[in-house]
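# Architecture at a glance
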Amino acid sequence: MNTAVPQQKPQKTVTLIDNETGKKFDLPIIDGSTGPRVIDIRKLYAETGMFTYDPGFTSTAACDSGLTYIDGDKGILLHRGYSIKELALKSDFLEVCHLLLNGELPNKQQKDEFVNTVTRHTMVHEQMQFFFRGFRRDSHPMAVMVGTVGALSAFYHDSLNIDDPRQREIAAFRLIAKMPTIAAMVYKYSIGQPFMYPRNDLSYSENFLYMTFAVPSEPYKISPILARAMDRILILHADHEQNASTSTVRLAGSSRANPFACIASGIASLWGPAHGGANEAVLFMLKEIGDKSRIPEYIKRSKDKNDSFRLMGFGHRVYKNYDPRAEIMRDTCYEVLGELGIKDPLLELAMELEKIALKDDYFIEKKLYPNVDFYSGIILRAMGFPTNMFTVLFAVARTVGWISQWNEMIQEPTQKIGRPRQLYTGPVERPFTPLDRRK
Ligand code: CMC
């Protein structure tokens, strides 16, 4: 038996010097499995009486996570170590869900079980349809998504105990399985067509297309190319590390709120045009530009600091290179348009815009490349989705990422409620002025 005591590695530190007092503080450095190291500042306030200041979290790792890795400079995105390109081209969405939730790709038996379980949860409580009827039919679909997904916690009381791993697992299955059903219901409600019940003989993506576009009065033929494209779109949006909506889900969950409420908070955060709402904004922008001859005018506007216009679908907080998802999205775009025999002038406009922007010094210098949302809207439009449904599709796909990240956080033994601090810039304490003496 080897009784040698393992050599304790000397702890790596970084030294912080307060130039005012001359005091020195050693802060530990922690290595991840790859990517930038982090400075552990958990004891900083206790030892120095100071906070760090990082609005927008541009230099802050808010948690540790084993799900997704991004190297923004190289344009790399890995889920549990697998490249997004390999997953998008060789796997399917439910396999990716298994991978994100459980850490490994499923073997044949695990996959059959996983698919079977998700499939058995696709229906929503019958009472949900009455809930829908309370919304105006012209509501934005994301508004209805926030409300109805949040309402799941009112329908599924038996999966709200976050300390029970089995209940957490059932909540995850329910969310992944019911999101397409709810999304399709949102669409059907908005156009006044009857809701279509899920069909469990279809794959996840086929079923989603069926519930969205079929009507009870006639048969609906699902194109395998469109189902494959939908599956790929779902894979490409499945998770993306600690983005705004995922961080929202984690923060909501850190207070031990139930998973359905947390996912509803993620949907609300995703809705913004700087995040998931960008796919919708890209299409509005392309329609507004309207013609190749007007591209230079819009490029000029996007560079003008006095103009709030930005080139939608361009730039990313983390990617300072081509977003690897955008590349696959562009190829899928060609496939879908080819299958449908569509020649979309917006695609040509988008390609020309991309070409011009990528040669422009401003975009080169600021490392602004097309992101995942640049081409997704064109594909979804060709498939028949109205613009206001685009972000809903993003939410359907991202649900697995949100719930996997939430699960990871809940199981963290040292998990605490998220409670950032602030740099206070308001008035210091002052006496109260009675109303008759206020100026
Ligand atoms: N068009 C023109 N200029 C831009 C753009 C753009 N799309 N994006 C960034 N910039 C400029 C920005 O003005 C700033 O310039 P300066 O340094 O002179 O102030 C510089 O590039 C850095 O931008 P930032 O806003 O400080 O960067 P950020 O990391 O805070 O913002 C972003 C990232 C995605 C919000 C931003 O690039 C953007 O608004 N893009 C358009 C919206 C979009 O496509 N969003 C989808 C993101 S991908 C899907 C998702 O994950 O949700």
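Once that is clear, we can look at the sheet that holds strand β2 (residues 24-30). Two orientations exist for strands paired in a sheet by backbone hydrogen bonds: parallel and antiparallel. Taken together, three strands build an open sheet; the order of strands is β1-β2-β3 and the sheet is antiparallel. Two strands in the sheet have a free side with no partner beyond their single neighbour: β1 (13-17) and β3 (38-39). Pairing geometry for β2 and β3, over two bridges, is antiparallel. Bridge pairing links I29 to I39 in β3.

Looking now at the site of the ligand. With respect to spatial proximity, 20 residues lie near the ligand, and among them H275, R310, L311, G313 and R317 are the closest. Between the ligand and L311, the relevant distance is 2.7 Å, taken from a nitrogen atom to a main-chain nitrogen or oxygen of the residue. In this structure, a nitrogen atom belonging to the ligand sits 2.9 Å away from a main-chain N or O atom of F314. A per-class count over the shell around the ligand returns eight nonpolar, seven polar and five charged.

This paragraph deals with the environment of H140. Positionally, H140 belongs in the loop between α5 (128-132) and α6 (141-155). Once the C-alpha coordinates of H140 and E365 are considered, the two residues, 225 residues apart in sequence, prove to be 37 Å apart. For H140, the residues in contact, after removing those within four places along its chain, are W271, E280 and N388. A polar contact is formed between the side chain of H140 and the backbone nitrogen of M142, at a distance of 3.0 Å. Of note is the side chain of H140, whose polar atom sits 3.3 Å from the side chain of E280.

If you walk through the whole model with that rule in mind, you get 15 aromatic pairs. Both rings, one in F213 and one in F385, keep their centres 4.9 Å apart while their planes meet at 65 degrees; by these two values the pair is edge-to-face. With F213 in helix α8 (residues 204-213) and F385 in the loop between α17 (373-383) and α18 (390-411), the pair connects residues that are 172 residues apart, well separated along the chain. The buried category is assigned to F385, whose relative accessible area is 2%.

So, about the layout of surface pockets. In this structure, the second largest pocket encloses a volume near 350 Å³. The wall of the second largest pocket is formed by 23 residues, among which L94, L202, S203, Y204 and S205 lie closest to the centre. Elements with a minimum of two residues in the lining of the second largest pocket: α3 (93-102), α4 (108-120), α7 (165-191), α8 and α9 (224-236). With five residues, α4 is the single largest residue contributor to the lining of the second largest pocket. Among the residues forming the lining of the second largest pocket, the class breakdown is nine nonpolar, seven polar and seven charged.

On to the sheet that holds strand β5 (residues 76-79), then. What the three strands build is an open sheet, ordered β4-β5-β6; its pairing is antiparallel. One side of each edge strand has no neighbouring strand; the edge strands of this open sheet are β4 (68-71) and β6 (82-83). Where β5 and β6 come together, two bridges link them in antiparallel fashion. In the sheet register, H79 faces β6, and the bridge partner there is Y82.

Here we come to α18. Think of an α-helix as turning once every 3.6 residues; residues three or four places apart then point the same way. With 22 residues, α18 extends 32 Å between its outermost C-alpha atoms, agreeing within 8% with the 32 Å of an ideal straight helix rising 1.5 Å per residue. The axis of α18 is deflected most strongly, by about 40 degrees, at R398. Across the 22 residues of α18, 20 count as buried, placing the element largely inside the fold.

In the Ramachandran plot, R80 falls in the positive-phi region, its phi being about 50 degrees despite a non-glycine side chain. On the secondary structure map, R80 appears in the loop between β5 and β6. You will see that E241, though not glycine, has its phi angle at about 60 degrees, which is positive. One can find E241 in the loop between α9 and α10 (244-254). The exposure class assigned to E241 is partly exposed, which follows from its relative accessible area of 24%.

Okay, the pattern of salt bridges next. Applying the stated criterion across every chain, the model contains 24 salt bridges. One salt bridge connects D201 with R199, and the closest N-O pair in it is separated by 2.7 Å. D201 gets classed as exposed once you look at its relative accessible area, which sits at 57%. The shortest N-O distance in the salt bridge between D231 and R228 comes to 3.6 Å. One end of the pair, D231, and the other, R228, are both in helix α9, three residues apart, so they sit about a helical turn from each other. Under the relative-accessibility criterion, D231 is labelled buried at 8%. A single salt-bridge network, built from bridges that share partners, covers D92, E95 and K111.

Conventions we followed
Residues numbered from 1 in each chain as written. Predicted model: local features only at pLDDT ≥ 70, side-chain atom pairs only at ≥ 80, totals over all residues. Heavy atoms only, no water. Pairing = 2+ DSSP bridges. Helix = DSSP H or I, 4+ residues; strand = E, 2+ residues; numbered from the N terminus. Near = heavy atom within 4 Å. Polar contact = N/O pair within 3.5 Å; in protein donor to acceptor, adjacent residues only side chain to side chain. Nonpolar A, V, L, I, M, F, W, Y, C, P; charged D, E, K, R; others polar. Contact = heavy atoms within 4.5 Å. Phe/Tyr/Trp six-rings, centres within 6.5 Å; stacked < 30°, edge-to-face > 60°. Buried < 20%, exposed > 50% of the residue type's maximum accessible area, 1.4 Å probe, protein only. 1 Å grid on protein atoms, 1.4 Å probe; cavity = no way out; pocket = protein on both sides within 12 Å on 5 of 7 lines; lining within 4 Å. Points joined across faces, edges and corners; volume = space filled by probe spheres on them. Expected span 1.5 Å × (residues − 1). Bend = angle between axes of the 7 residues up to and from the residue. Salt bridge = Lys/Arg side-chain N within 4 Å of Asp/Glu carboxyl O.

Purely geometric stuff here, so don't read any function into it on its own.
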